[in-house]
Amino acid sequence: QRCPALNAWYWPTWCAPHNLMQVLLLLLKEVRGRLLERNPYRREPLQLRDGVWIALDWVDADPVPMGGPDLPVCVLLHGAFMDSSSVTMSDMARTLAARGFPSVVMNRRGYGGISLDGAASARVSFYGFDEDLDDVLEAVARREPGRAVAVI
């Protein structure tokens, strides 16, 4: 009752009514993003508590009148086969920054061009580890003290 969209008919995007068309549009978006757009990130390496290195890719917020230090820092968690270089993540980070939200993409272990070679405990998981996110949230709190954090 409070969310009528859950009971409504789903209509796919008019220009991609079939699965194959949706995949082709996604591929076209990836090609566009990788060839025509510059890298929006400022990379910050972070050593986790077990000695493994990951990369945090930051996009600083644009100064906007309604923004400021009251808006939370957005920590973006990528999908299973993505990293910060995927167009989905960079578009989301750019959009949030344009609205005044500083954002950071947490590249999980082995993603974002950071190798696991030489790590004493090179454990991996399909969707990451909770303690890795804890370490990232502590690093964000050190960088932006007193600011709220939104994990997306």
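Attention in this report is confined to the structure presented alongside it. (Residues numbered from 1 in each chain as written. Predicted model: local features only at pLDDT ≥ 70, side-chain atom pairs only at ≥ 80, totals over all residues. Heavy atoms only, no water.)

**Topic: the pairing of strand β1 (residues 42-47)**
Move 1: With six bridges connecting them, β1 and strand β2 (residues 53-59) associate as antiparallel partners. When the bridges of β2 are listed, Leu46 appears paired with Ile54.
Move 2: Between the antiparallel neighbours β1 and β2 lie five residues, among them Gly51 with a positive phi of about 95°. (Pairing = 2+ DSSP bridges. Helix = DSSP H or I, 4+ residues; strand = E, 2+ residues; numbered from the N terminus.)

**Some remarks on the pairing of strand β4 (residues 103-107)**
Move 1: With five of five residues buried, β4 is to be regarded as a mostly interior element.
Move 2: Both faces of β4 are covered, namely the face carrying Ser103, Val105 and Asn107 and the face carrying Val104 and Met106.
Move 3: The pairing of β2 with β4 spans five bridges and is antiparallel. In the sheet register, Ala55 faces β4, and the bridge partner there is Asn107.
Move 4: Across four bridges, the pairing between strand β3 (residues 73-77) and β4 is parallel. Looking at β4, one finds that Val75 is bridged to Val104.
Move 5: Since β3 and β4 lie parallel, the crossover through helix α2 (residues 87-98) that links them has a hand, and here it is right-handed. (Buried < 20%, exposed > 50% of the residue type's maximum accessible area, 1.4 Å probe, protein only. Right-handed = clockwise from strand over helix to strand, strands pointing away.)

**Comments concerning the packing of helix α1 (residues 19-36) against α2**
Move 1: Packing of α1 against α2 leaves a shortest axis separation of 9 Å and a crossing angle of 65°. Residues Lys29, Glu30, Arg32, Gly33 and Arg34 of α1 touch α2, and the partners they reach there are Val87, Thr88 and Asp91.
Move 2: Taken together, the residues that form the contact of α1 with α2 break down as one nonpolar, two polar and five charged. (Axes fitted to C-alpha atoms, helices over the stretch in contact; angles between N-to-C directions. Contact = heavy atoms within 4.5 Å. Nonpolar A, V, L, I, M, F, W, Y, C, P; charged D, E, K, R; others polar.)

**Points about the pattern of salt bridges**
Move 1: According to the stated counting rule, one finds 14 salt bridges in the structure shown.
Move 2: Between Asp91 and Lys29 there is a salt bridge whose closest N-O contact spans 3.8 Å. Taken together, the positions of Asp91 in helix α2 and Lys29 in helix α1 put the pair 62 residues apart, joining distant regions of the chain.
Move 3: Here Asp91 falls in the buried class, since its relative accessible area comes to 19%. (Salt bridge = Lys/Arg side-chain N within 4 Å of Asp/Glu carboxyl O.)

Purely spatial values, then, with no claim about function.
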